[in-house]
Structures are given as structure tokens and as C-alpha cells.
Amino acid sequence: MQSTIFAPWEDPEAKPLIRFQNVTKRFGTFTAIDDLSLDIYEKEFFALLGPSGCGKTTMMRMLGGFENPTEGRIELAGKDISGVPPNKRAVNMMFQSYALFPHLSVWDNIAFGLRRDGRPKDEVAARVAEMLKLTRLEKFGRRKPHQISGGQRQRVALARSLAKAPKLLLLDEPMGALDKKLRQDTQFELMDIQEKTGTTFVIVTHDQEEAMTVASRVAVMDEGKLIQVATPDRIYESPENVYVADFIGDVNIIEGRATLEGEETYRIDWAEGEAPLRATSSTRLDNGQSCFLAIRPEKVTISPERPEGAVNAVHGKVLDIAYLGNISTYHVELASGTVIKAQAANTRRISRRSFTWEDPVWLSWTVTGGVLLAG
Amino acid sequence: MRRFLLIAVPYTWLLALFLAPFVIVFKISLSDIALAIPPYTPTLDLGAGWEGIKTFFSGLDFENFVWLTQDDLYWKAYLSSLKIAVISTAFTLMIGYPIAYGLARSPEEWRPTLMMLIILPFWTSFLIRVYSWMGILSQEGFLNQFLLWTGLINEPLIILNTSIAVYIGIVYTYLPFMILPIYATLDRLDESLIEAAEDLGCSRLSAFWLITVPLSKNGIAAGSFLVFIPALGEFVIPSLLGGSRTLMIGKVLWEEFFSNRDWPVAGAVAIVLLLILVIPIVLFQRNQQKQAEAEQ
């Protein structure tokens, strides 16, 4: 493997662009951010992900200068920025509502920030033209915000916030108001633009798919704390706890008790009358400790017979089938009453599907297929 | 037929309450003064048939309108009224805008109370409120007594019976008409627009001038017209607070009508005042219409 992969967070020498140091933010008696520390590096596309009210928007507003931390410090390029007003920060924000100025044309909206810097006219014009080109809005410069579509408005907001070439761009639910198809296109466009401009992006979203698609690293937040900060694949494949496993994507969670069997291999006794399951874990668990086994539905194989040599296999009958076109999710009820989801690609036409309701089936997965988490 | 009946109702209303009185006043303005009851001539005598109608129309002329241009009292009064209306509208805006702004930014639970405080004076008689200003502004009034007591002045200020008293009266009376429409536009203003402006490099003050003011333009226009239009024809305030030296067209109109008993000239003064007022009223209507279109 070449070492050209973009991963400054693994380099102990790298200096972070943004550094949260033990930041706490309280609104009255409510603690929105609770003693949080986080480093974000230059050129990252960093996603803050969590349910509403988890504090992700407060984090962003503190970066933008609209809120100040109650305790702790926030550094931008090595300088403490608490108390610096928004108009004095090399940070721009794209608002969830877009906040386009309704009395100004698209062109004037984009030029707004440049003019405040008192730049010469031709420079402003050149920069606005560049931004219009970047966001493919050349034809709409003269229109007012209410005369363009939602997707175009979103691009105007992006162009406006990028016009001043900020060190850091904050995006607050940038695709919240777009429909699904447009959102997917826009996600790739956003990644393109981020790459072209080399700006550090911090995005706030509650849509885990969006965070996984665009971000170089994802921070999963809950109740003002960071639960896990990692690359999308690590968040998905090796969540550190049940909250992250459950929040990201679809997952089967089996509760049981772990017993060490071999090197890093554990036996999990989980239900009366069901064979014990086996899984590996690099973190140590005590014998008899309660634990959770998280298995993604796509890692579970569904078959009519018990597969030869399968480590983990359970028997049940098909309770429900969710047909999603390219794949199907089978809900299988075991004898103990537990329902386990398994996903399979629809390689055949639907009329020739191998399984249907009430069919007895076997579910199996490998010893590394699931993630063992301490309870 | 049903559609005709439906629009006939409002049109009849307009005809009875606006057009008919206007035609009567217009007719009086074309008549000549006479020592009679009513105090003008000619009057329409339908009993004399066709001949009567002919004499009636031959008796009408534009003499009174010509007269308005000959005596400089009238155009001076119109100009003075315009000046007073413009200046007091400007003052009302200067005082009303910050109040509306404060109201729009006040905590949600306070707003009904604050709004009530603004509307409350309307619940007492307008006339009594103007009279009470006489009590405040006169030489022995509360204001002078207070200023003498604090030692800021040695002699009482002469405010009552000057144009300053008229400005105070008009600003006081019409302030709510300025505050309410401005408040309505500021209340709808999205807070994130101000944050976006600050984010893009505006100070608080420049964000106010570049975003808040342009976006409350419609409220400013509506409020200004609502103050300017009644202030131009104002009669009660200048006659009670302005003394004999303040010249306003409303007062001239009153004197022509009641002191001189010259109904035809008074009619002509009223018609010209109406024509002057029609311009801002039309502008006001267009502003309202534009606003309604912008919201669609």
C-alpha cells in the first residue's frame, strides 16, 4: 500500500486546523456540549452526525462564532478564537435555510462577502464569475432567489459561502431541503467542489447515509458527547459501542454472555435452546460478561440447508420480506422468538425467488462477521 | 346577473358614501357665495323644468379655483401643510422604527403586553389626548415646571402655540400607525439572514443597513403613508396646539367654512386638498400591491 491515502489524523506530526479542547457549552441549566475534545485537520471533509438535539449544530455555531463556549477553548490554525465575532473569522457558513438575501440577485448574493472586504470591482466580478461557473449557475446571476429552484438556491448558498475562500466552510444540513435524487447528485457535487477548492468542510447532518458518502471522517454524537470519531468504513464495520452500531445503518443486535474460548475468540450464550455463537474481538471481555453481538444483515447468509462447516448457524422461518429492488431483506423468526434480518442480492427475477413467506431457512455468518461489544 | 348583483353591493356603497358627497362638494366649489340658506347659488330648481337646469349649469364656474391661485394665503397654507406633514412623518419614522425594532426583538412572552401599551392610548378620546398635551406644553405646564425644577432652564420655554407643538402632537398621535406596519415586516425577518450577513463580514451596524432596512422597506413605506396622508389635512392638532401663527390647510378650510361662511371657496380648498392627497394614496396602493405580489 502506498502512503498517499489522505489520513492526517493518523499522523502524530500533523497540526490540526481546528482543535476543541475540553469544550463545554451550557444554555441555562441545559448542557448542549459536555467536555468535548476534537481535532479536525486541513482539507478534511468532516461530518458531525447525530440525532436532533445531540449538540452538533451547537458545535457548528461555535465554530462560526455565533455561540461562545462556556468552558474550554477552540483553536483555529493554532489561535484561540473564542470571543472573535463571526465577521472577523476566516470561516464561512452555509445555513440550513440557505439564508439568501431575498432583495439581492444571485450575483449580488455571491458578491456580498467580497464587497464587505472592500475588494476592487473587477476582482469581485472575476471571483463571482468563477463561483457561478463552479456551481453551474452562470445563467442565473440576474435572477432573484425566489425565481430559482430549491436545488439552485442551495448552490447559490454554497457559492456565496465559498466566494471568500474561507479556511473552513461550515455546512448546516446542506441538503435537508432537497429531495432524495437531487440530494445524491448534490453529495457528489459537493465532494467534487471540496476537492477542487481544497477547503476544509465541516458538515452537520442527521442523515447517516449522507455522512458516510461525503465525509473523510465521521463523528457520531449523542447528548453533547462524541461517541465515536472514525472513517466511514470503520464507523460501519467496527463500531465501538451499541449506540454507534445501532445508529449507523441496519443491524441485528444479539445480547448474551461471553466466554473466552481461544485466542480472541469468544463463545456467546444468548438464548435458551439456541446453539451458542462465536465471534472474535480484540478488546478483552471477562468470562461471563454481558455483551452485544452486532451483525449487519448483509453479512448474514440465508440458505435452505445448514451450510457445511458454518461456525454460526441458526434456524428459523421467513416472517417478512422487504423487496428493495436490487436487494431483499428477509426477517427470519427463530424458535426463541428473536427476529434476525438477512440481506441477499436479487440475482434472479422475483418470480423465481428461492424463499418465500413461512419457508424454513438457515441463517449463517462467519466468526468475524459480527462485532462483539461489551455490554 | 348574479355576478352583477354581487359587485353592485360594494359599488352602491362607494357611490353613496364617497361619490355622492364628492359630487355635492364639487358642485358647491363651482357655485358663488350668497346670503341665503344654503349660503351659495345657484341651486337646482327642477320645478322650472329644462329652463331651470339650464340656468343652474350656466351659474357654475371655476372662479373659486382661480381665486385660490390669486390669494397667496392658500398656496402658502398648502406648502406649509406639506412641510409639516413631511417633517413630522420623518420624525415619526425616526422614533417609530427603533420602537418597532425593539418590539420585534423582544421576548415572545412580552410582545402582547408591549403591543397593548402601543394601542392603549386609542382607547381614550383623541381630543382629550390633544388637550392634555396643552396641559403639558403650556408655559405653566408639567414640562416647564419639571425643567425649572431640575434647574436646566431659568425661564419657561414657549412651546405651545408654535409649530414645535404641532410636530409633537402629530408625532404622538400617529406613532402607532408607523410602528405597526414596520413591526409586521421586522417580525417576519429571518434571523439567519442577519447571521449570514455577519458571517460574510458585516458588522452589526452594516448588517442592519444592508439587510434589515432594505427588507423592512415595505413597512417603512406603509407606515409613512399612513402618517403622511392624515397629517397633511390635519385640523384638530394645529388649531389646538399650533396657535394662530401655524398655517395649515385644514385650519384654513375650517375658517373658510365656519368663520367666513364662504362654502364655495371652502369646497374648492377641499377639492384641491383631495387632489394633492390622491397622489400619495395611489402610491401607497401601488406599494401595497407590489408587496402582495412579492409574497406570492
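The structure displayed is predicted, hence computed values, not measured ones. (Residues numbered from 1 in each chain as written. Chains lettered and ligands numbered in written order. Predicted model: local features only at pLDDT ≥ 70, side-chain atom pairs only at ≥ 80, totals over all residues.)

Let's shift gears to the overall build of chain A. Of regular secondary structure, chain A possesses eight helices and 20 strands. With respect to the principal axes defined by its C-alpha atoms, chain A has extents near 75 × 50 × 45 Å. For chain A, the proportion of its 375 residues judged to be buried stands at 38%. (Helix = DSSP H or I, 4+ residues; strand = E, 2+ residues; numbered from the N terminus. Buried ≥ 20, exposed ≤ 12 C-beta atoms within 10 Å, placed from the backbone.)

What follows is about the overall build of chain B. Per the secondary structure count, chain B includes 14 helices and two strands. In summary, chain B has a C-alpha radius of gyration of 24 Å against a globular reference of 19 Å for 296 residues, an excess of more than 25%. Here the C-alpha coordinates of chain B stretch approximately 80 × 65 × 35 Å along the principal axes. By the burial criterion, 30% of the 296 residues in chain B qualify as buried. Here the contacts in chain B between residues at least 6 apart in sequence split such that 71% fall between residues at least 24 apart. (Rg over C-alpha atoms; globule rule 2.2 N^0.38 Å. Contact = placed C-beta atoms within 7 Å.)

Attention shifts here to the domain arrangement of chain A. Residues and elements named next belong to chain A. Considered domain by domain, chain A is made up of domain 1 (8–245) and domain 2 (250–374). Measuring from the centre of the C-alpha atoms in domain 1 to the corresponding centre in domain 2 gives 39 Å. Each side of the interface is counted separately: domain 1 has five residues, and domain 2 has six residues. When the residues that make up the side of domain 1 that touches domain 2 are grouped by side-chain class, the tally is three nonpolar, two polar and no charged. (Domains from an automatic or database assignment. Nonpolar A, V, L, I, M, F, W, Y, C, P; charged D, E, K, R; others polar.)

Annotation from UniProt places "domain: ABC transporter" (unreviewed entry) at residues 18–248 of chain A. The straight-line gap between the two end C-alpha atoms of residues 18–248 of chain A is 25 Å; of that span, 36% is helix and 26% is strand. (UniProt positions renumbered as here; feature names shortened; annotations may be inferred.)

Right, let's get into the sheet that holds strand E5 (residues 79–80) of chain A. Across the sheet, four strands lie side by side as E2-E1-E4-E5 (chain A); this open sheet has antiparallel pairing. Strand pairing shows two members of the sheet lacking a second neighbour, strand E2 (30–40) and E5 of chain A, which therefore form its edges. (Pairing = 2+ DSSP bridges.)

Here seven bridges tie strand E1 (residues 18–27) of chain A to E2(A), and the two strands are oriented antiparallel to one another. Across the sheet, the residue bridging to A:Phe20 is A:Leu38, located in E2(A).

This paragraph deals with the packing of helix H4 (residues 72–105) of chain B against helix H8 (residues 163–187) of chain B. Residue and element names in this part refer to chain B. At their nearest, the axes of H4 and H8 sit 6 Å apart, and the two run at 45° to each other. Of the possible angle classes, the one that applies to H4 and H8 is oblique. Handedness of the H4/H8 crossing: right-handed. The class makeup of the residues in the contact of H4 with H8 is 22 nonpolar, four polar and one charged. (Axes fitted to C-alpha atoms, helices over the stretch in contact; angles between N-to-C directions. Parallel < 35°, antiparallel > 145°, perpendicular 65-115°, else oblique. Left-handed = near helix turned anticlockwise from the far one by under 90°.)

This paragraph deals with the interface of chain A and chain B. If you look at the interface, chain A gives 15 residues, while chain B gives 14 residues. Elements supplying a minimum of two residues to the side of chain A that touches chain B: strand E6 (91–94) and helix H2 (106–116) of chain A. In terms of residues, the side of chain A that touches chain B owes the most to one element, H2(A), which gives three residues. For the side of chain A that touches chain B, the per-class residue count stands at seven nonpolar, six polar and two charged.

All right, on to the packing of helix H9 (residues 191–199) of chain B against helix H10 (residues 204–215) of chain B then. Residue and element names in this part refer to chain B. Two numbers describe how H9 lies on H10: the axes approach to 10 Å, and their chain directions differ by 135°. When the axis of H9 is compared with that of H10, the two are oblique. Where H9 crosses over H10, the two elements pack in a sense that is right-handed. Every residue of H10 that contacts H9 at Leu-193, Ile-194, Ala-197 and Glu-198 is listed here: Ala-207, Leu-210, Ile-211 and Thr-212. Taken together, the residues of the contact of H9 with H10 sort by class into six nonpolar, one polar and one charged.

Residue and element names in this part refer to chain B. What UniProt calls "transmembrane region" (unreviewed entry) maps, in this numbering, to residues 84–104, 116–137, 157–183, 220–243 and 263–284. For residues 116–137, helix accounts for 73% and strand for 0%, while the C-alpha atoms at its two ends are 26 Å apart. Each end of residues 220–243 is marked by a C-alpha atom, and these two atoms are 31 Å apart; helix forms 79% of the span and strand 0%.

All names here are of chain A. The element H2 is extensively covered by neighbouring structure, given that eight of its 11 residues are classed as buried. For H2, the set of buried residues is Val-106, Trp-107, Asn-109, Ile-110, Ala-111, Phe-112, Gly-113 and Leu-114. The inward-facing, buried residues of H2 contact helix H3 (121–134) and helix H4 (150–162).

Another point: unusual backbone geometry. A cis amide bond links B:Ile37 to the next residue, B:Pro38, at an omega of -10°. When you line up the elements, B:Pro38 lands in the loop between strand E1 (32–33) and strand E2 (40–41). Here the amide bond leading from B:Thr41 into B:Pro42 is cis, since omega sits at 0°, within 30 degrees of zero. Looking at where B:Pro42 falls in the secondary structure, it is placed in the loop between E2 and helix H2 (49–58). A positive phi angle, close to 50°, is found at A:Ala99, a residue other than glycine.

Further remarks concern the sheet that holds strand E11 (residues 252–262) of chain A. All names here are of chain A. The five strands are arranged E13-E12-E11-E14-E20 in an open sheet whose pairing can be described as antiparallel. Looking at the sheet topology across the chains shown, the edges are occupied by strand E13 (277–280) and strand E20 (370–374). Averaged over all neighbouring strand pairs, the angle between strand axes comes to 45°, with direction disregarded. Two elements, strand E12 (residues 265–269) and E13, share four bridges in a ladder whose sense is antiparallel. Residue pairing across strands places Arg-267 opposite Arg-278, the latter belonging to E13.

With that out of the way, let us pick up the environment of B:Leu273. All names here are of chain B. Structurally, Leu-273 can be placed in helix H14 (residues 263–295). Separated by 20 residues in sequence, Leu-273 and Leu-253 have C-alpha atoms that sit 9.7 Å apart. With residues up to four places along the chain from it excluded, the contact list for Leu-273 reads Gly-233 and Ile-249.

Moving on to the nonpolar core. Residues and elements named next belong to chain A. Counting residues in hydrophobic clusters, the biggest one holds 104 residues, and the most contacted among them are Ala-47, Leu-63, Ile-110, Leu-170, Val-202 and Leu-293. Looking at this core element by element, the count peaks at six residues for H2. Residue-level mapping places this core at the junction of two domains, with at least three residues from each of domain 1 (8–245) and domain 2 (250–374). (Core = buried A, V, L, I, M, F, W, Y, C linked by C-beta atoms within 7 Å.)

In this model, chain B carries an average pLDDT of 89, and 99% of its residues clear a pLDDT of 70 or more. Across the predicted assembly, pTM comes out at 0.80 and ipTM at 0.82. (pLDDT = per-residue confidence, 0-100.)

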